Amino acid sequence: MVEIGQVSLVIAALVAAYAALASFLGAGLRMTDLSTSGRYAAYSLPLLLAAPTVSLVNAFVGRDFSVRYVAENSNLAMPNAYTWVAMYAGNAGSLLFLALVLAVTSAIALRGLSRRMPHTTAYASGILMLALTFFMVIILGFANPLERLPITPADGQGINPLLVHFGMFIHPPVQMTGLVMVSVPFSIAMGAMMAGRGGRDEWVDQGRLWGMITWLVLTVGLMLGAWWAYTILGWGGYWAWDPVENSALMPWLAMTAFVHSIMVQKRRGMFRMWNIVLIITAFTLAQMGMFINRGGPVPSVHSFAQSSMGWLFLSFMTFTLLASLAAFWWRAGTLKSREGLDSILSRESVFLTQNVLFLAVALVTLWGTVFPIFSEAAQDETVTVGAPFFNRVNGPLILTLVVLMGVGPLLPWRRASRANVVNALKYPVAAGVAAAAVLMLLGIGRPVAVTAFSVCAMVVTGILSEWVRGTMSRRRSGEPTPLAFGRLLLRNRPRYGGYVVHLAIVMLAVGAIGSSFYSVQRDMVLRPGDTGNLDGYSFRYLGVEKTFFADRVEEVAELVVYSGGSRLGTMRPFRAFYPDFRIASTRGAIRSTPAEDFYIVPSEFDEDGRAVFRVLVNPLVWWMWASGPLLFVGVVFGLWPQRRPAAETLTARALAQAARA
Amino acid sequence: MLVFMAFALALIPALAIAYPFLTRAGRPLLSDEDTTASEVSARWEAAIAGLRTTELEWAVGNLAEEDREWLRERYMTDAALALREMEVGDAEERALMATVEREMKRVRAQAGDGE
């Protein structure tokens, strides 16, 4: 089975290289058969890459330690359920996973694109297959997950203990999928540009669709990563501005700018050059993420998939960036906008400002992430930039983005009069001011937090007031309220799907503001029977139970927690030490409510019975995790295919009429 | 067995690669849809979408009457120009614009059935 996988890898590499070459040559020479052949070759790649993937999974299930990757990432003690996690737990396996995802998404995207835009598709196919060829070269030349060992060990080294968590079934594959999927909208935009169609807008629908799907996957990946960090890393937080976290955030920021900006191109024929710049930026940042994740020179707490192959990813990133800029230079003349800005007070103007801010946050994050490299080069000393820098610089930018998120949808396209702006914003602004007043009265007086909460109130009021007005409007034509509300949403899916996403972002922001400004933390040393107190909670430490397993020593603490005199229950945080890895894994116990999380995590157990706990009360974190499903629903709702209204479907008729004439 | 499986695996992409050459039937030169038609079509669709959004924004109270009139005029002009470029006959053009008017009236009345 392993040998079949090996053979299939070699065939896949050759086919990917052929597909890239045939697609580019076919596109350049306008040879339909050749480019179609390249595309069909691309269609066969998911199957060719499924074979080595199945081989690898099979080797894990059978604990075939003659395969180096299996021996390095599993052992006899590993539960079978973690076979899937082990498959991408290391560098080689995760590269195979990336290649498979790229092959599958490429095939689906090319199929959808080829009917309307064969010339663009040929270039897009060439770009996607070039990327896949790169992965295949690395897999075969530097990180083959099916490589055999000369001597088969009796047992494997085991899986990294930090990965033995439910979140690992979803977070890494989703995150990796998101990063590699940026290639798809990139290839569509670049394909259109190379085919001389970048200044036309036919690619925009497909570009936006794949842009939104990619954005959703990246968002889910980031949120799952934050949730994993919160629940397993045991430091009480969810975001540390770690280089690997930043490397996932940066392409997300660029993609967020892109999915907004491309709407302006669709509606107004504007920002054609800008959109190409944005997608090149997103693609480059996604590659930067892979570079940092796989052996980049920046220190990170994430040990996952570390390797010494950073230079390969850096080289490919440099090559694709230079090639993209050259193509942009070549086709810049075809990318002129159809129209210009009518007014500074318009939705497109807000989108542009928002775009610039997204890129500013991305650049600040990039600078903070790579700063250690420059500091080392300049003074032989690695200086890392911590959370205070990112919070201080990015905080105001992100807050301004949330303000624009509230203002933008309330302004019309093209132009808004001052009276219109005042009318659209009067209730949201009033709600923001009222929220600030209420918070001050409640004693929540930190100016930055009050401002941030007020902005959230403003955005929510803007969204909800429009929903109410829209429902009332439909009611006037005789529809009962629930039906009117349902139809308002269902018949304007992209618009209201976007609003649902914005509501989810506000929920996320509320959680981030609450936990950033009002989190309370204390480290405590307790003996069995001792009671500790923090922010209205009291907790009695009953003791610790130590259990020896084949691969770890687990110490589970037991605490009874009270709040306001009533017993909330028993909490059992634990700490496990894996001697083979010399890694301690702590798992916090969390009691989560919409108001706040009570979070307790052990950091040390002494032989004399003393235990050291870190105890936190994190307000409003619950809202962050609750925003995830809402965000998902919003995007799917907005993207769900909708029957085209009568006037638009007349286009086909008009064109047919024109053709007959 | 390995040789047989390798052959079977290689056969799939080989057939996929060869298929377009084996079935060639004088395919036209590789090109996307007709540029002028799709460009005009995009402008028509953008104008109609703009009109619909304008009516929806007005119906839900986001748009002042003055702005609505200004936007309507712009989008109607865009739509008419697009139709003119499609070289649609006068009667068809009138029919299309009348349909657009009806559609907008419905959107106005029902706060936008489809943006």
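Just so we're clear, the structure is a prediction, and the values are computed from it rather than from any experiment. (Residues numbered from 1 in each chain as written. Chains lettered and ligands numbered in written order. Predicted model: local features only at pLDDT ≥ 70, side-chain atom pairs only at ≥ 80, totals over all residues. Heavy atoms only, no water.)

1. Thoughts on the overall build of chain A
To keep things clear, this is the line we draw: Note on conventions: DSSP H or I runs of at least 4 residues are helices, E runs of at least 2 residues are strands, and numbering of each starts at the N terminus. For the radius of gyration, the atoms used are the C-alpha atoms, and the globule rule reads 2.2 Å times the number of residues raised to 0.38. Throughout this description, buried means an accessible area under 20% of the type-specific maximum (1.4 Å probe, protein chains only), exposed means over 50%, and partly exposed covers the range between. The contact rule is simple, with two residues in contact once any of their heavy atoms fall within 4.5 Å. In these tables, accessible area is a Shrake-Rupley quantity obtained with a 1.4 Å probe, and a residue counts as shielded only by the protein chains included in the view. In this charge count, Lys and Arg are treated as positive and Asp and Glu as negative; neither His nor the chain ends contribute. The atom standing in for a charge is NZ when the residue is Lys, CZ when it is Arg, CG when it is Asp and CD when it is Glu.
Summing up its helical and strand segments, chain A has 20 helices and 10 strands in all. Relative to the 2.2 N^0.38 estimate, which gives 26 Å for 661 residues, the radius of gyration of chain A is 27 Å and therefore close to what a compact globule would have. Considering only C-alpha atoms, chain A reaches an extent of 95 × 70 × 55 Å along its principal axes. Within the span of chain A, comprising 661 residues, buried residues form 59% of the whole. Sequence-distant contacts in chain A: of pairs separated by 6 or more residues, those separated by 24 or more amount to 71%. For chain A, the accessible area works out to roughly 25900 Å², and carbon and sulfur atoms hold 65% of it. Separation of charge centres in chain A, based on 51 positive and 35 negative side chains, amounts to 18 Å.

2. Description of the overall build of chain B
Scanning chain B from terminus to terminus reveals four helices and zero strands. Along chain B, helices and strands appear, N-terminal first, in the series α-α-α-α. Counting only residues that meet the buried cut, chain B has 49% of its 115 residues in that class. Residue pairs at least 24 apart in sequence account for 68% of intrachain contacts in chain B once pairs closer than 6 positions are excluded. Just so you have it, chain B exposes about 5600 Å², and 61% of that area is on carbon and sulfur atoms.

3. Concerning the pattern of salt bridges
All names here are of chain A. Our working definition: Salt bridges, as used here, are contacts in which a Lys or Arg side-chain nitrogen is within 4 Å of a carboxyl oxygen on Asp or Glu.
For the structure on display, the rule yields 26 salt bridges over all chains. For the salt bridge of R68 with E147, the shortest nitrogen-to-oxygen distance reads 3.6 Å. Of this pair, R68 sits in helix 3 (residues 68–73) while E147 is found in the loop between helix 6 (118–141) and helix 7 (171–181), placing the two residues 79 residues apart along the sequence. Among the residues examined, R68 registers a relative accessible area of 32% and is labelled partly exposed.

4. Regarding unusual backbone geometry
All names here are of chain A. Unlike most non-glycine residues, F271 shows phi in positive territory, near 60°. Here F271 lies in the loop between helix 10 (243–268) and helix 11 (272–293). Its relative accessible area of 10% is what places F271 among the buried residues. A positive phi is found at R582, a non-glycine position, where the angle reads about 55°. Note on placement: R582 falls in the loop between strand 6 (574–578) and strand 7 (583–587).

5. Looking at the sheet that holds strand 8 (residues 589–592) of chain A
All names here are of chain A. What counts, and what does not: What makes two strands pair is DSSP finding at least two bridges between them. Only the contacting stretch of a helix is used when fitting its axis, a line to C-alpha atoms as for every element, and angles between N-to-C directions run 0 to 180 degrees.
If you walk across this open sheet you meet the four strands as 1-10-9-8, and the pairing is antiparallel. The strands lining the two open edges of the sheet, one partner per strand, are strand 1 (520–526) and strand 8. Along the sheet, successive strands turn relative to each other by an average axial angle of 15°, direction set aside.

6. Some thoughts on the domain arrangement of chain A
By a widely used convention, the size of an interface equals the accessible area lost when the partners come together. Residue and element names in this part refer to chain A. Here is the rule we go by: Residue ranges for the domains trace back to a domain assignment, done automatically or taken from a database. Each of two parts loses accessible area, computed with a 1.4 Å probe, when they are put together; buried area is these two losses added. All amino acids are sorted into three groups, where Ala, Val, Leu, Ile, Met, Phe, Trp, Tyr, Cys and Pro are nonpolar, Asp, Glu, Lys and Arg are charged, and the leftover types, Gly among them, are polar.
Split into domains, chain A comes out as domain 1 (1–164), domain 2 (200–385) and domain 3 (520–621). Summarising the inter-unit geometry, the C-alpha centres of domain 1 and domain 3 are found 43 Å apart. Listed as interface residues are seven residues of domain 1 and, on the opposing side, five residues of domain 3. Taken over both partners, the interface formed by domain 1 and domain 3 buries close to 560 Å², and the fraction arising from carbon and sulfur atoms is 69%. Linking domain 1 with domain 3 are zero salt bridges, by the criterion used here. Here the residues of the side of domain 1 that touches domain 3 are counted per class, giving four nonpolar, three polar and no charged.

7. With respect to the packing of helix 16 (residues 447–475) of chain A against helix 18 (residues 493–518) of chain A
Residues and elements named next belong to chain A. Worth spelling out the cut-off: Orientation is classified from the angle alone, with under 35 degrees giving roughly parallel, over 145 giving roughly antiparallel, 65 to 115 giving roughly perpendicular, and any other angle giving oblique. Crossings are assigned a handedness: left-handed for a near helix turned anticlockwise from the far helix by less than a right angle, right-handed for a clockwise turn.
Interaxial distance between helix 16 and helix 18 falls to 10 Å at its minimum, and their mutual angle equals 160°. Considered as vectors, helix 16 and helix 18 are oriented roughly antiparallel to each other. Seen from above, helix 16 lies across helix 18 with left-handed handedness.

8. Remarks on helix 3 (residues 65–85) of chain B
This is how it is decided: Working rule for helices: expected span equals 1.5 Å times residues minus one.
The end-to-end C-alpha distance of helix 3 of chain B is 30 Å, a good match for the 30 Å that 21 residues give at a rise of 1.5 Å each. For helix 3 of chain B, the complete set of buried residues consists of D67(B), R68(B), W70(B), L71(B), R72(B), Y75(B), M76(B), A79(B), A82(B) and L83(B).

9. Things to note about the pairing of strand 3 (residues 537–548) of chain A
Residue and element names in this part refer to chain A. For strand 2 (residues 531–534) and strand 3, the ladder comprises four bridges, and the chain directions are antiparallel. Across the sheet, residue T531 finds its bridge partner in strand 3, namely R540. The antiparallel hairpin formed by strand 2 and strand 3 contains two residues in its connecting segment, where D535 sits at a positive phi of about 50°. Relative to strand 4 (residues 553–563), strand 3 is paired through 11 bridges, and the arrangement is antiparallel. By the bridge assignment, G543 is partnered in strand 4 with E558. Between strand 3 and strand 4, which pair antiparallel in sequence order, lie four residues.

10. With respect to the packing of helix 14 (residues 387–407) of chain A against helix 16 of chain A
Residue and element names in this part refer to chain A. Two numbers describe how helix 14 lies on helix 16: the axes approach to 8 Å, and their chain directions differ by 20°. Comparing their axes, helix 16 and helix 14 come out roughly parallel. The handedness of the crossing between helix 14 and helix 16 is left-handed. Note on element contacts: helix 16 touches helix 14 through T451, A452, V455, M458 and V459, opposite L399, V402, V403, M405, G406 and V407. The residue makeup of the contact of helix 14 with helix 16, split by class, is nine nonpolar, two polar and no charged.

11. Looking at the environment of L483(A)
All names here are of chain A. Secondary-structure assignment places L483 in helix 17 (residues 481–490). The partly exposed category is assigned to L483, whose relative accessible area is 37%. With 386 residues separating them along the chain, L483 and F97 place their C-alpha atoms 45 Å apart.

12. Examining helix 11 of chain A
With 22 residues, helix 11 of chain A extends 32 Å between its outermost C-alpha atoms, agreeing within 8% with the 32 Å of an ideal straight helix rising 1.5 Å per residue. Here helix 11 of chain A lies mainly inside the structure; 18 of its 22 residues are buried.

13. Remarks on the packing of aromatic side chains
Convention followed: In this analysis, rings of Phe, Tyr and Trp, with Trp reduced to its six-membered ring, are considered paired at centre separations within 6.5 Å, and the interplanar angle assigns stacked below 30 degrees, edge-to-face beyond 60, and tilted for intermediate values. Two thresholds decide whether a charge sits over a ring: the Lys NZ or Arg CZ must be within 6 Å of the ring centre and within 35 degrees of the ring normal.
All told, the structure shown has 32 aromatic pairs over all chains when counted by the stated rule. Between Y82(A) and F169(A), the aromatic rings sit 5.0 Å apart at their centres with planes inclined by 40°, giving tilted as the arrangement. Here Y82(A) is found in the loop between helix 3 and helix 4 (83–87), whereas its partner F169(A) is found in the loop between helix 6 and helix 7, with 87 residues between them in sequence. An aromatic cluster is defined as three or more aromatic residues linked by ring pairs; in this entry it consists of F134(A), F135(A), F313(A), F316(A) and F319(A). Just above the ring of W70(B) sits the side chain of R415(A); from NZ or CZ to the centre is 4.2 Å. We note R495(A) situated over the ring of Y496(A); from NZ or CZ to the ring centre the distance is 6.0 Å.

14. Let's talk about the nonpolar core
Inclusion rule: The criterion is simple. A nonpolar core is a set of buried Ala, Val, Leu, Ile, Met, Phe, Trp, Tyr and Cys residues joined through side-chain atoms within 4.5 Å.
Core analysis: the biggest nonpolar cluster contains 179 residues, and L49(A), L132(A) and W203(A) have the highest contact counts within it. Both domain 1 (1–164) and domain 2 (200–385) of chain A contribute no fewer than three residues apiece to this core. Sequence-distant contacts of L49(A), that is, excluding residues within four places in its chain, are made with L9(A), A12(A), L96(A), A99(A), L100(A), A103(A), L132(A) and M136(A). Within the second largest apolar cluster, 24 residues are counted, among which are F271(A), W413(A), L51(B) and Y75(B).

15. Considering the side chain of T133(A)
Residue and element names in this part refer to chain A. In plain terms, the rule: Within 3.5 Å is the distance limit for a polar contact, defined as a pair of N or O atoms, with the added protein rule that one can donate a hydrogen and the other accept it, and that residues adjacent in sequence qualify only through two side-chain atoms.
Among the secondary structure elements, T133 is positioned in helix 6. Under the relative-accessibility criterion, T133 is labelled buried at 16%. Here the side chain of T133 touches A16 through a polar contact of 3.3 Å, landing on its backbone oxygen. Among residues more than four places away in sequence, those in contact with T133 are A16, A17 and A20.

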